Amino acid sequence: MKVEIHHSWKKELETEVGKEYFQKLKDFVEQEYIENTCFPPKNEILSAFNHATFDDVKVVILGQDPYHGAGQANGLCFSVNDGISFPPSLLNIFKEIENDLNRPIPQSGNLERWAKQGVLLLNATLTVRASNAGSHQNKGWEQFTDAVIRTISDRKNNVVFLLWGGYAKKKARLIDGDRHLILTSGHPSPLSANRGYWFGNKHFSRANEYLKQNNQEPIEW
C-alpha cells in the first residue's frame, strides 16, 4: 500500500507513518488486497486526505468501518459512489439535513462535495474485507486515525467534530473542547434513529452557526 496523501497532510503525519506499527499495517493491507476482495478500491483508501486538505479542514465526521458491499465504499465515511442506493444511515443523514436546513434529499450519495469544502470524512478503520464488517479492525488503523484526530485538535482551531454513536463519542477524549466544538448524538443508523437518538440533533445548522461565528464559510450540506 503506497501512502500517497496530499502534501499538507504528509507534513503533519510523516512521523506517524514512519512508525513501526504503520509499516506492519501497510504490509497487512497489501496482503489482504492480494488474497481477498477488499474495500474501498486500493487507490481510494486514503481519499479522505486527498479531498480535504489539512489546511482546509473545518469539520470532522467520524465513521467506524467502510461499507463492505460491492461498489459502495469510496474512502469517505458514510459516502457511496454515484448510482449506488443510499445505505440506511446515509439516508437518515440526508433526512436530518432536510429537516434541519430545509434542503431536499440529493440525487447522489457521493459526499466528495462536502470533502471539497473542508469536511474530513474519516473512518476509524480505512479498509475492510468484502462482506465481513470489522475484519480490519485492531490492525493499526485506529492508532493512525486517533493520531489524525489528535493532530487536528492540537494544530488547528475552531474545528467542528461531529461524533455520532457510542464508538465515535469515545474519540472526544482526543479533542480539546476549549479550542473546538464537539457535537454528539446517537448514530444515524435506523436502530438508533428510530429510538429518537438521531433526528432533531440539528448538527448541520449548529456546525454552520459555529463556523460563521469564527469567520469561516459555512458548509453547503
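Higher on the page you've got the structure.
None of these values were measured; they are calculated from a predicted model. (Residues numbered from 1 in each chain as written. Predicted model: local features only at pLDDT ≥ 70, side-chain atom pairs only at ≥ 80, totals over all residues. Heavy atoms only, no water.)

Novice: Would you mind going over the packing of aromatic side chains with me for this structure?
Specialist: Centre distance and the angle of the planes are the two values used to describe a pair of aromatic rings. Per the stated rule, a full pass over the model turns up 15 aromatic pairs. With a centroid separation of 6.2 Å and an interplanar angle of 90 degrees, the aromatic rings of Tyr 21 and Phe 22 are classed as edge-to-face. The two residues Tyr 21 and Phe 22 agree in class, both being buried. An aromatic cluster of three or more residues is present, and its members are Trp 9, Tyr 21, Phe 22, Phe 49, Phe 54, Trp 141 and Phe 144. In this arrangement the basic side chain of Lys 156 is found over the ring face of Phe 54, its NZ or CZ atom lying 5.1 Å from the centre. (Phe/Tyr/Trp six-rings, centres within 6.5 Å; stacked < 30°, edge-to-face > 60°. Buried < 20%, exposed > 50% of the residue type's maximum accessible area, 1.4 Å probe, protein only. Lys NZ or Arg CZ within 6 Å of the ring centre and 35° of its normal.)

Novice: What exactly am I supposed to notice about the packing of helix H4 (residues 88-101) against helix H9 (residues 203-213) here?
Specialist: Angle between the axes and distance between the axes are the two parameters that describe a pair of packed helices. Two elements in contact, H4 and H9, have axes whose closest approach is 8 Å; the angle formed by their N-to-C orientations is 60 degrees. Between H4 and H9, the interaxial angle falls into the category oblique. On H9, the residues that touch Ile 93, Glu 96, Ile 97, Asp 100 and Leu 101 of H4 are His 203, Phe 204 and Ser 205. (Axes fitted to C-alpha atoms, helices over the stretch in contact; angles between N-to-C directions. Helix = DSSP H or I, 4+ residues; strand = E, 2+ residues; numbered from the N terminus. Parallel < 35°, antiparallel > 145°, perpendicular 65-115°, else oblique. Contact = heavy atoms within 4.5 Å.)

Novice: For this particular structure, what's the right way to read the sheet that holds strand E3 (residues 119-123)?
Specialist: Strand pairing in a sheet relies on backbone hydrogen bonds. The paired strands run either parallel or antiparallel. On the basis of which strands lie adjacent, the open sheet formed by four strands has the order E3-E2-E5-E6 and parallel pairing. The sheet is open, and its two edges are formed by E3 and strand E6 (181-185), each paired on a single side. Adjacent strand axes in the sheet meet at a mean angle of 20 degrees, parallel and antiparallel pairs treated alike. Where strand E2 (residues 59-63) lies against E3, five bridges are found, and the strand directions are parallel. Along E3, the bridge assignment pairs Leu 62 with Leu 122. (Pairing = 2+ DSSP bridges.)

Novice: Just checking my understanding: could you explain the side chain of Thr 151 for this structure?
Specialist: Mapped onto the elements of the fold, Thr 151 is located in helix H6 (residues 141-155). For Thr 151, the side chain forms a polar contact with the main-chain oxygen of Ala 147, separated by 2.7 Å. (Polar contact = N/O pair within 3.5 Å; in protein donor to acceptor, adjacent residues only side chain to side chain.)

Novice: I'm lost on the packing of helix H1 (residues 7-17) against H6 in this one. Help?
Specialist: With their axes 11 Å apart at the nearest point, H1 and H6 run at an angle of 135 degrees to one another. Compared by their axis directions, H1 and H6 come out oblique. Once H1 is placed against H6, the crossing between them reads as right-handed. Across the interface between the two elements, Trp 9, Glu 12, Leu 13, Glu 16 and Val 17 from H1 touch Gln 143, Phe 144, Ala 147, Val 148, Thr 151, Ile 152 and Arg 155 from H6. Considered class by class, the residues forming the contact of H1 with H6 number seven nonpolar, two polar and three charged. (Left-handed = near helix turned anticlockwise from the far one by under 90°. Nonpolar A, V, L, I, M, F, W, Y, C, P; charged D, E, K, R; others polar.)

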